[in-house]
Every structure is written in C-alpha cells, then in structure tokens.
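Here are the chains, one letter per residue:
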Amino acid sequence: MSVRVRFAPSPTGPLHIGGLRTALYNYILAKKYKGTFILRIEDTDKKREVKNSENYILNALSWIGITPDEGPFSGGSYGPYRQSERNDIYKKYANKLIKSNSAYYAFDTESDLKKEREKLKKRGEAFKYSSSNRLLFKNSLTLKKENVLKIKEGVIRLMVPEREKIQVNDEIRGKISVSSEELEDKVLIKADGSPTYHFANVIDDYLMNITHVIRGEEWLPSLPIHKLLYDSFGWDVPKFLHLPLILNKAGQGKLSKRDGEKEGFPIFPLRWGNSLGYKETGFLPDGLVNYLVLLGWSPGSDKEILKIKETIDIFNEDKIHKGGARFDFEKAVWLNQKHIQNTEPKELLNQFPEFFKNIASDEKLKVSIISLIKERASLLTDFEKESVFFKSEPRSYDLNSVSKLNKKNAFIVLKHLHDSLTGKNFTLRSWKSEMIDWGKKERIGTKEILQAIRIALVGSLNGPDLVSVSLLIGEVSFLKRLKSFMEFLK
Ligand code: GLU
C-alpha cells in the first residue's frame, strides 16, 4: 500500500514553528516512500476560525518548498479537503455508530452540565461524562423513545465500553495501555450538527486512506478515543507517530509565543501582523528546514548541514526522539549561516532579491558585495547592515575603535597612504603590501596600520577584507575617506 500522510491544521491563526515541523516530517516521510502528502483543513470549530489563516498556512508551506499533492487548493480524489464541507459524511458515520450501539444521543443542556461540574468541583473532583455516570443524565439511554423523538437538539456521544483495557501503539513510544474508565464519552457530533475534532479526524483519516498519522505529542492523550472509534467501525488503525514537544531553551515547558517575544526570536515562519517571521528575519528556507528537521530527529551521524533532498534520502522514522526537543535559536542562526555560505552569491541574489535591493544599484556590484560579505553573514538581513559603507562614506566613527589607535601614528599612516596613492606610487591593488613594507621601515606594526585604514574606510574595526573594499569603492571614494578621517584625527 502506498504511503499517504496528511498535515491537518486548524485555521485558527498562523502556523507556528511547531506546526511547520509537523508538516515537514509528514512531507519528508511522503517523499521518502514516494507517497502522497495531503493538506486537510480542520475547520470544524467555526467560532475559533481566524481570517486569512488558511492562506497563511499555504504560503508558509510554499515558502519552505512544500506543495501538497492533494488538498483544498490542489484537488484530489479524496475531497473535499475542508472538513466544513464534509458534514453529510460525518452524519452518516455517526448514525452508523448509533445503530451499532457504539454512540448515543445526549440532551443535557449546558447549564445541566455546569451544575454537575460545580458540584464535583466542591468535592475536589473533575467531572467526566462517562460509563460510570451516563445513566444519571438526559440521553437516549435513559429517556423513553417518545421523549427522545420530541427533543430535537442533542449531541451524539461515543459510548466508551466499561472496564476495558484499551491498547494503542505509537511508533515512537511503543505500546500504551489505558483503562476505559479513564475516558470520557466524547461528543462526536455537536448540537449544531457539526463534528468535533476527534470524530472528523478519524473519519477522514480512514476515508482518505491515511497510512501514517504524524502529529504533535499533545495529541497522544486523544489516541485511545481515536482507537475506540476505529474499533467501533471495525477499521484497521493507521500507524501513529507523535512528535516530541518543542520546549523552550531552558527545557522548562512548551515553547510559547511569549518565549519568542522575550528573547527576540520569531515564532512564525512568515510575518503575521506585527510579528516578523523567519523569512523576514533573514532565514533561508533551507536554513529553517535544516533546523526543524533536527528538532526531534537526528541522522545518527555527525552530519548536521542538510538540504531537504539529502534529509529525505537518509530520513529514518525510527530515529525520531521521544523526549522533548529544546528550541535553540542560536543553533538555527548557525545553521542558516552555513546555508548562506553554501549558496553561490548569484543564487542568493536571484532567490532573495528583496534583501539586496538597497546594497547597490547594479547587479554586478551586488554580486561582488555579496561575495565579500557572505562569509560573515548569518542572516540575509546582515548583507545590508554590513554593506552600508559601500554606498556612502562613514558618517561617524566608532569611538571605541578609535580609542584603540595611537592618533599620531594613525595620522602618519593615512597621510603616507594618501600621498602615495595620489602620487601614483601605490595602486588600489598594491597599497596593502606597500604599506606593510613601509611600516617595517618606520617601525609601525601591520596591525596598527590596518586598523587606522579600516576605521577610515568603514568607520569601525569590523568588516570584510580591506583591499576588496577599496577596489569596490574606487579610488576617489578611498582618498576621500582617508582625508575625512585625517580631519577627524586632527
Ligand atoms: N487539527 C489538529 C491540529 O490543528 C490536527 C491534529 C492531528 O493531526 O490529528 O493540530
């Protein structure tokens, strides 16, 4: 049987980094087995729906290079792929469960249930509508048939069997068994006729022929309910893989939007309102994807810098971790840097033109600047930051850098360089070695010479190779910068 996986987000807001990782693992498994990746929109809870999230999800997937094989936008023969368009299907299957006595109607009002909840709360107990108390409530098991027919509005609940051991299997964690006493008679169909997550999810996974359910660990507690549903229909279960939680850096609790805000890193792949995404922060899709695949899986070798194609080749689902994965933004930046370094300057420019709009006006110059700065850039936004001095002469000098200079010597250095260039004794290519030789005679160290020139050219002690900088800015600007800094030192 060919592998079919699904990514099933709810359009209740932007996709966060954890959701993107789930999508990615699904995609990798589908590609590894030459299977099918399905996008299913789980929009059963209309009240929680947030405008534009569906588009956001699609754009985020597309940014990291995932195009669903089937889904609301790609079509496919198992549609519709939006749950809100499948209500008739769910009703039909819910009726089957009623007929086979695996589900029942319940008519308790919100306030009935609230009363019950509060009563138990006083005793320090949590309320659960279940096999132990279902006969105390208003439902088709307790009401006479005529009364049931008279009451129109009701929900359909799963009839969890009494005192049974329910065995589930997670491919990552192995067998887990739960006593049915612990489970609630979950609502399957709500009073408005729409399905709940649990019900729609199972029906769709079955009808869409899903072979592997890959999702976050937070869904593991739902697995026994899902298993009961499969059993009630007499269906085989797919394989389940619950991915480890993503924890904050300290490893204390789930990574939250607040952690990102506090520590200044993005939590969404793309911009959402005022929150910048990984894209706008300067991540290459390859860099983020590389980080995400390692967040809960390791290839079992030292190889860490991976492109998606290589990951697909070596991915082994047996190596997915059980324990929570700590989120480490610095590691993500480090991997991104490696991907920048592994990409040709021309390719960087073609793929991410928006980051190079302002660094120069013509393409050739852009490519030269990119080559020069590439080794130092961790994020695509670094290129503009690190190249401001190409466009204009330093408007101010970093005083901390200036304080490291012997001002008198610096002045002599700059003057000698200026005079030698204007006197045509040095060229833009030769000045560095000439100055070093001169320094030996004058007893001025190479470091001292180059520091003075660097501050004159770029304003501080940081920056790329000086000869390359001088060639890019040209002689006129070079001389002007030497002059300005000499003025400053006077
Ligand atoms: N709609 C659920 C979510 O948003 C999907 C859970 C699942 O994959 O079963 O996380």
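Preceding block: the structure.
Residues numbered from 1 in each chain as written. Predicted model: local features only at pLDDT ≥ 70, side-chain atom pairs only at ≥ 80, totals over all residues. Heavy atoms only, no water.

Asks: What is the right way to look at the overall build of the protein chain in this model?
Replies: A count of helical and extended segments in the protein chain gives 21 helices and 11 strands. Radius of gyration (C-alpha) of the protein chain: 32 Å, far over the 23 Å computed for a compact globule of 490 residues. The C-alpha extent of the protein chain, read off along each of the three principal axes, is 110 × 50 × 40 Å. In the protein chain, which comprises 490 residues, the share counted as buried stands at 51%. (Helix = DSSP H or I, 4+ residues; strand = E, 2+ residues; numbered from the N terminus. Rg over C-alpha atoms; globule rule 2.2 N^0.38 Å. Buried < 20%, exposed > 50% of the residue type's maximum accessible area, 1.4 Å probe, protein only.)

Asks: I would appreciate a short explanation of the packing of aromatic side chains in the present structure.
Replies: Ring pairs (aromatic) are described by centroid distance and by the angle formed between their planes. Taken as a whole, this structure holds 27 aromatic pairs when the rule is applied. Here the aromatic rings of Y105 and F107 are separated by 6.3 Å at their centres, their planes lie at 15°, and the arrangement is stacked. Judged by its relative accessible area of 29%, Y105 falls in the partly exposed class. F107 sits in the buried class, given a relative accessible area of 8%. Their ring planes at 55° and their centres at 5.6 Å tell us that W431 and F478 sit as a pair that is tilted. Of this pair, W431 sits in helix α19 (residues 431–442) while F478 is found in helix α21 (residues 466–489), placing the two residues 47 residues apart along the sequence. Side by side, W431 and F478 carry an identical accessibility label, which is buried. Against the face of Y78 rests R4, its NZ or CZ located 3.8 Å from the ring centre. (Phe/Tyr/Trp six-rings, centres within 6.5 Å; stacked < 30°, edge-to-face > 60°. Lys NZ or Arg CZ within 6 Å of the ring centre and 35° of its normal.)

Asks: I keep staring at helix α6 (residues 197–207) and nothing clicks. Help me out?
Replies: Since the α-helix advances by 3.6 residues per turn, residues separated by three or four positions end up pointing in the same direction. Here α6 lies mainly inside the structure; 9 of its 11 residues are buried. Y197, H198, F199, A200, N201, V202, I203, D204 and D205 are the residues of α6 that are buried. Looking at the packing, one finds that the buried side of α6 touches β1 (4–7), α3 (87–99), β7 (187–189), β8 (212–216) and α7 (223–233). Positive phi shows up at N209, right after α6, with a value of about 60°. (Contact = heavy atoms within 4.5 Å.)

Asks: I would appreciate a short explanation of the pairing of strand β4 (residues 155–158) in the present structure.
Replies: Across a regular strand the side chains alternate sides, sitting on one face of the sheet and then on the other. A two-sided burial pattern is seen for β4, the buried positions comprising V155 and R157 on one face and I156 and L158 on the other. Sheet analysis places strand β3 (residues 103–106) next to β4, joined by 4 bridges and oriented antiparallel. Note that in β4 the partner of A103 across the bridge is L158. One ladder, built from 2 bridges, connects β4 with β7; its direction is antiparallel. Its bridge partner lying in β7, R157 is registered against V187. (Pairing = 2+ DSSP bridges.)

Asks: Where do I start with helix α2 (residues 53–63) in this structure?
Replies: Of the residues making up α2, those classed as buried are S53, E54, Y56, I57, A60, L61 and W63. In this structure, the buried side of α2 is in contact with β1, α1 (17–32), β2 (36–39), α9 (278–281) and α10 (285–293). Residue G65 follows α2 closely and has a positive phi angle near 90°.

Asks: Explanation requested: the side chain of D204 in the structure shown.
Replies: Structurally, D204 is set in helix α6. With residues near it in sequence (within four places) discarded, D204 still touches R40, Q83, R86 and Y90.

Asks: Which parts of the structure should I look at to understand the site of the ligand?
Replies: All residues adjacent to the ligand are R6, A8, P9, S10, E42, Y197, N201, R215 and W219. In the environment of the ligand, an oxygen atom lies 2.9 Å from a nitrogen or oxygen atom belonging to the side chain of R215. Protein burial of the ligand: of its 290 Å² of free accessible surface, 83% is covered by the chains. Here the shell around the ligand is built from residues that sort into 4 nonpolar, 2 polar and 3 charged. (Near = heavy atom within 4 Å. Polar contact = N/O pair within 3.5 Å; in protein donor to acceptor, adjacent residues only side chain to side chain. Areas by Shrake-Rupley, 256 points an atom, 1.4 Å probe, with all protein chains shown as cover. Nonpolar A, V, L, I, M, F, W, Y, C, P; charged D, E, K, R; others polar.)

Asks: Can you walk me through the pairing of strand β9 (residues 239–243) in this structure?
Replies: Within β9, 4 of the 5 residues are buried, which leaves the element mostly enclosed by the surrounding structure. In terms of strand pairing, β8 meets β9 through 5 bridges, oriented parallel. Residue pairing across strands places V213 opposite F240, the latter belonging to β9. Considered for its hand, the β-α-β crossover made up of β8, α7 and β9 is right-handed. (Right-handed = clockwise from strand over helix to strand, strands pointing away.)

Asks: Looking at this structure, I do not really get the pattern of salt bridges. What am I missing?
Replies: If you walk through the whole model with that rule in mind, you get 32 salt bridges. A salt bridge links K119 to E116; the nearest nitrogen and oxygen atoms lie 3.5 Å apart. With K119 and E116 both in helix α4 (residues 110–122) and 3 residues apart, the pair spans about one turn of that helix. Residue classification places K119 among the partly exposed residues on the basis of a relative accessible area of 45%. Linked through salt bridges whose partners overlap, the residues forming this network are R6, R40, E42, R86, D204 and D205. (Salt bridge = Lys/Arg side-chain N within 4 Å of Asp/Glu carboxyl O.)

Asks: It is not clear to me how the environment of Y397 should be interpreted in this structure. Could you clarify?
Replies: With respect to the helices and strands, Y397 occurs in the loop between α16 (388–391) and α17 (399–402). Along the sequence, Y397 and S74 sit 323 residues apart, while their C-alpha atoms lie 55 Å from each other.

Asks: Would you mind going over the environment of K391 with me for this structure?
Replies: Checked against the element boundaries, K391 lands in helix α16. K391 sits 33 residues away from N358 along the chain, and the two C-alpha atoms are 8.9 Å apart. K391 has contacts with N358, I359 and A360, leaving out every residue within four places of it along the chain.

Asks: Help me understand the sheet that holds β4 in this model?
Replies: Backbone-to-backbone hydrogen bonds join strands into a sheet, with any given pair of strands oriented parallel or antiparallel. The strand order across the open sheet formed by 3 strands is β3-β4-β7, and the pairing between neighbours is antiparallel. Because the sheet does not close on itself, it has two edges, and the strands there are β3 and β7. Averaged over neighbouring strand pairs, the angle between their axes works out to 45° when direction is ignored. (Axes fitted to C-alpha atoms, helices over the stretch in contact; angles between N-to-C directions.)

Asks: For this particular structure, what's the right way to read the nonpolar core?
Replies: Within soluble globular proteins, side chains that are nonpolar generally end up buried alongside one another. In terms of nonpolar packing, the biggest core is built from 54 residues, with Y278, F283 and F327 touching the most fellow members. Looking at this core, the elements with two or more residues in it are β1, α1, β2, α2, β9, α10 and α12 (329–341). Looking at this core, the element that brings in the most residues is α1, giving 9 residues. Among all residues touching Y278, those that are not within four sequence positions of it are I17, W63, F265, P266, I267, F268, P269, L270, F283, L288, F327 and F329. With 51 residues, the next largest nonpolar core counts I373, F426, I444 and I455 among its residues. (Core = buried A, V, L, I, M, F, W, Y, C linked by side-chain atoms within 4.5 Å.)

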